[in-house]
Amino acid sequence: MGRILSRLNISIVLVIMQIALIIYLALMARSAFPFMVYVGMGISLLVFLFIIKSDKASAYKISWVIILLTFPVAAGAIYLLAGNKRPTKKVAAQMDEHALIAGLLDADGNLPFVNKIQCGRMYSLFEYVRNSSSYHAYNKTQVKYYTLGELMFEDMLAELEKAQKFIFIEYFIIKDSYMWDRLLDVMIRKASGGVDVRLIVDDLGSHRLFSRTYVKNLRAQGIKVLRFNPIVPYLQLFMNNRDHRKITVVDGHTAFNGGMNISDEYINKKSPFGIWKDTGVRLYGDAVWSFTLMFIEIWDTFCKADERINDYLAYKNPICETIETDGLVLPYGDTPLDKEALGENIYVDMLNQAQQYVYIYTPYLIISEKMIQTLQLTARRGIDVRLITPGIADKKLVHRLSRSYYNFLLEAGVKIYEYTPGFLHAKSFISDDEVAVVGTINLDYRSLYLHFECATLLFKTTAIQDIKNDFEQTLEASREIKQDNRRRRIWNEIIDSILHLFAPLM
């Protein structure tokens, strides 16, 4: 009964009731006030013209156009309530906050001198990321790559035990679990010892555990908590923008980033979908400053006024000069609040510049026309493009939708494999033994366009060989998918076509 009456379920029911009420009022108005039909259709026409003129992804436009044509009287009003990207005061504040963060990044005196001779093809990508988001590449940073979530978690606990100044933790999903109990135990002890412990959780991803009472109890134990974008039972677009990031920062010198959330399946303490394959990285050195500022940006935008962090530089830890340079490391965050699809564009650039191969881990494959064409073109250029996706689904409908894109890629020469031991949740790209990305960004519309995301871009670090070795070993545990030239049942074709139309809204 508790799950049925959860905040999320109640909110979903109330939102559906609001949509139904709008449609009902539109139908009633058509009978009682015939002229209201023309008002509603006029609003829908204006919305239609606005959508066509906007710079949103074409697939997103098509989804809303279909809704407008299906419900021409009410759909315009629904879009104004739930579909238009109007910034709220909090959202506008986040844009201001990023400008402040950008100033601190630009003022950093420890940035390496990045030039064309040093970086070759990567110079243009570094310049694009810096110009569009202000995130920089760093050299004095050590990188460790993890092939499984449980390996990363043990190192996280060890680093948290060493914390002396502050702990920043930001996750999409935190569930009541063995994993959370161990993490919480360290956080409580450190907070009681004077360490500044701050936690950001997405309210949708973690709604079952993080009730108001639970948050109050955590605060009473010295842990500062922010529930990002609290669930509200009324139509608004910002509810669709979730904090999908996974960040842990310790004392400004060490950071963890990857696909792992805080729940027992991520460390294979339980196995609802077979072996759970996740990846991540640990950074030690100057590049951690970017992850520190990423956390502070969200915290100061949405936290209580009396918990704002005013002295940002107090959280910067100057790293010892003796750290050996291990290639270049560029942590970056992606936001749905600007017009820059940073995560997707970095993936596209890696594919376009590849000279030998691109290997990809992704749990979901729900991609735009732009990404489809880029993958196809890269394979047709003779580049070895390989994707590994899950062999066991965590969400059956999403898994079906992912598989419906296979033939588009297979016919162009992209090789696709499914990880047979279980569910692959890793989000990684690697190319030509030189460039890699490990982070939270899936190949789906939600990650690429709707969520707050983050990742670590690596160039010529020793960890890249570890990533490649991991991919090759995972290939051995995966089955290759061959192009299906058989005639499929017409109903399956129709269902997949419908799913494609509404994929941007899923």
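As shown above, the structure is provided for reference.
So, here is what we can say about the structure in this document. (Residues numbered from 1 in each chain as written. Predicted model: local features only at pLDDT ≥ 70, side-chain atom pairs only at ≥ 80, totals over all residues. Heavy atoms only, no water.)

### Concerning the overall build of the protein chain
Right, so step 1: Of the regular secondary structure elements, the protein chain holds 18 helices and 19 strands.
Right, so step 2: Taking all 506 residues of the protein chain together, 56% fall into the buried category.
Right, so step 3: Partitioning the intrachain contacts of the protein chain with sequence separation of at least 6 by distance along the chain shows that 82% fall at a separation of at least 24.
Right, so step 4: Element-wise, carbon and sulfur atoms account for 58% of the exposed surface of the protein chain, whose accessible area totals about 22,100 Å². (Helix = DSSP H or I, 4+ residues; strand = E, 2+ residues; numbered from the N terminus. Buried < 20%, exposed > 50% of the residue type's maximum accessible area, 1.4 Å probe, protein only. Contact = heavy atoms within 4.5 Å. Areas by Shrake-Rupley, 256 points an atom, 1.4 Å probe, with all protein chains shown as cover.)

### Here's the deal with the sheet that holds strand 12 (residues 384-390)
Hydrogen bonds between backbone groups are what pair the strands of a sheet, and the pairing can be parallel or antiparallel.
Right, so step 1: Strand order in the open sheet formed by 8 strands is 9-18-16-15-10-12-13-19, and the pairing between neighbours is mixed. The outermost strands of the open sheet, each flanked by one partner alone, are strand 9 (328-334) and strand 19 (478-481). The average angle at which neighbouring strand axes cross in this sheet is 20 degrees, direction not considered.
Right, so step 2: Here strand 15 (residues 428-431) runs beside strand 16 (residues 435-439); their pairing, made up of 4 bridges, is antiparallel. By the bridge assignment, Phe 429 is partnered in strand 16 with Val 437. (Pairing = 2+ DSSP bridges. Axes fitted to C-alpha atoms, helices over the stretch in contact; angles between N-to-C directions.)

### Here's the deal with the nonpolar core
Right, so step 1: Trp 180, Leu 199, Phe 210, Tyr 332 and Leu 443 are the most contacted members of the largest nonpolar core, which totals 140 residues.
Right, so step 2: The leading source of residues in this core is helix 11 (residues 288-302), at 10 residues.
Right, so step 3: Residues Val 47, Leu 68, Ala 75 and Tyr 79 belong to the second largest nonpolar core, which totals 5 residues. (Core = buried A, V, L, I, M, F, W, Y, C linked by side-chain atoms within 4.5 Å.)

### Comments concerning the sheet that holds strand 3 (residues 196-202)
Right, so step 1: An order of 1-8-6-5-2-3-4 is seen for the 7 strands of this open sheet, with the pairing classed as mixed. Both outer strands of the open sheet, strand 1 (141-146) and strand 4 (224-228), are each paired with one neighbouring strand and no more. On average, adjacent strands in this sheet sit at an angle of 10 degrees to one another, irrespective of strand direction.
Right, so step 2: Strand direction decides the pairing type here: strand 5 (residues 247-250) and strand 6 (residues 254-258), joined by 4 bridges, are antiparallel. Paired with Val 250 across the two strands is Thr 254, which belongs to strand 6.
Right, so step 3: On the sheet, helix 9 (residues 178-192) packs against strand 2 (166-171) and strand 3 and is oriented at approximately 145 degrees with respect to strand 3.
Right, so step 4: Docked against the sheet, helix 10 (residues 212-220) engages strand 3 and strand 4, running at close to 155 degrees with respect to strand 4.

### Side note on the environment of Glu 97
Right, so step 1: Checked against the element boundaries, Glu 97 lands in helix 5 (residues 89-106).
Right, so step 2: With a relative accessible area of 7%, Glu 97 lands in the buried category.
Right, so step 3: With 204 residues separating them in the primary sequence, Glu 97 and Thr 301 have C-alpha atoms 6.7 Å apart.
Right, so step 4: Once you skip the residues sitting within four places of it in the chain, Glu 97 turns out to touch Glu 297, Asp 300, Thr 301, Arg 308 and Tyr 312.

### Remarks on unusual backbone geometry
Right, so step 1: Despite not being glycine, Asn 268 shows a phi value in the positive range, around 60 degrees.
Right, so step 2: Here Asn 268 shows up in the loop between strand 6 and strand 7 (275-277).
Right, so step 3: Even without a glycine there, the phi angle at Lys 460 is positive, about 55 degrees.
Right, so step 4: Position of Lys 460 among the secondary structure elements: in the loop between strand 18 (453-459) and helix 17 (463-476).

### Things to note about the side chain of Thr 301
Right, so step 1: Along the chain, Thr 301 turns up in helix 11.
Right, so step 2: By relative accessible area, Thr 301 is classed as buried at 6%.
Right, so step 3: There is a polar contact of 2.7 Å between the side chain of Thr 301 and the backbone oxygen of Glu 297. (Polar contact = N/O pair within 3.5 Å; in protein donor to acceptor, adjacent residues only side chain to side chain.)

### Re the packing of aromatic side chains
Right, so step 1: Per the counting criterion, the structure on display carries 22 aromatic pairs.
Right, so step 2: Taking the centre distance of 5.3 Å and the plane angle of 85 degrees together, the rings of Phe 210 and Tyr 214 count as edge-to-face. Note on accessibility: Phe 210 and Tyr 214 belong to one class, buried.
Right, so step 3: Measuring from ring centre to ring centre gives 3.9 Å for Tyr 347 and Phe 429, while their planes differ by 5 degrees; the resulting arrangement is stacked. Of the two residues, Tyr 347 sits in helix 12 (residues 342-353) while Phe 429 sits in strand 15, which places them 82 residues apart along the sequence. Of the two residues, Tyr 347 and Phe 429, neither departs from the other in class, the shared state being buried.
Right, so step 4: These aromatic residues form a ring-pair network of at least three members: Phe 166, Phe 168, Phe 295, Trp 299 and Tyr 315.
Right, so step 5: For Lys 269, the ring lying beneath its charged end belongs to Tyr 178, and the centroid distance is 4.4 Å. (Phe/Tyr/Trp six-rings, centres within 6.5 Å; stacked < 30°, edge-to-face > 60°. Lys NZ or Arg CZ within 6 Å of the ring centre and 35° of its normal.)

### What to know about helix 13 (residues 369-380)
Right, so step 1: Counted at 1.5 Å a residue, the expected span for helix 13 with its 12 residues is 16 Å, and the 16 Å between its end C-alpha atoms agrees.
Right, so step 2: Buried residues belonging to helix 13 abut helix 12, strand 10 (357-361), strand 12, helix 15 (406-410) and strand 17 (443-444). (Expected span 1.5 Å × (residues − 1).)

### Some details on the pairing of strand 12
Right, so step 1: Buried residues dominate strand 12, accounting for 7 of its 7 residues.
Right, so step 2: Across 5 bridges, the pairing between strand 10 and strand 12 is parallel. Within strand 12, the residue paired with Val 358 across the bridge is Val 385.

### Digging into the packing of helix 7 (residues 122-133) against helix 12
Right, so step 1: At their nearest, the axes of helix 7 and helix 12 sit 11 Å apart, and the two run at 170 degrees to each other. Accordingly, the angle class assigned to the pair helix 7 and helix 12 is roughly antiparallel. Across the interface between the two elements, Ser 124, Leu 125, Tyr 128, Val 129, Ser 132 and Ser 133 of helix 7 pack against Leu 342, Asn 345, Ile 346, Asp 349 and Gln 353 of helix 12.
Right, so step 2: In terms of residue class, the contact of helix 7 with helix 12 is built from 5 nonpolar, 5 polar and 1 charged. (Parallel < 35°, antiparallel > 145°, perpendicular 65-115°, else oblique. Nonpolar A, V, L, I, M, F, W, Y, C, P; charged D, E, K, R; others polar.)

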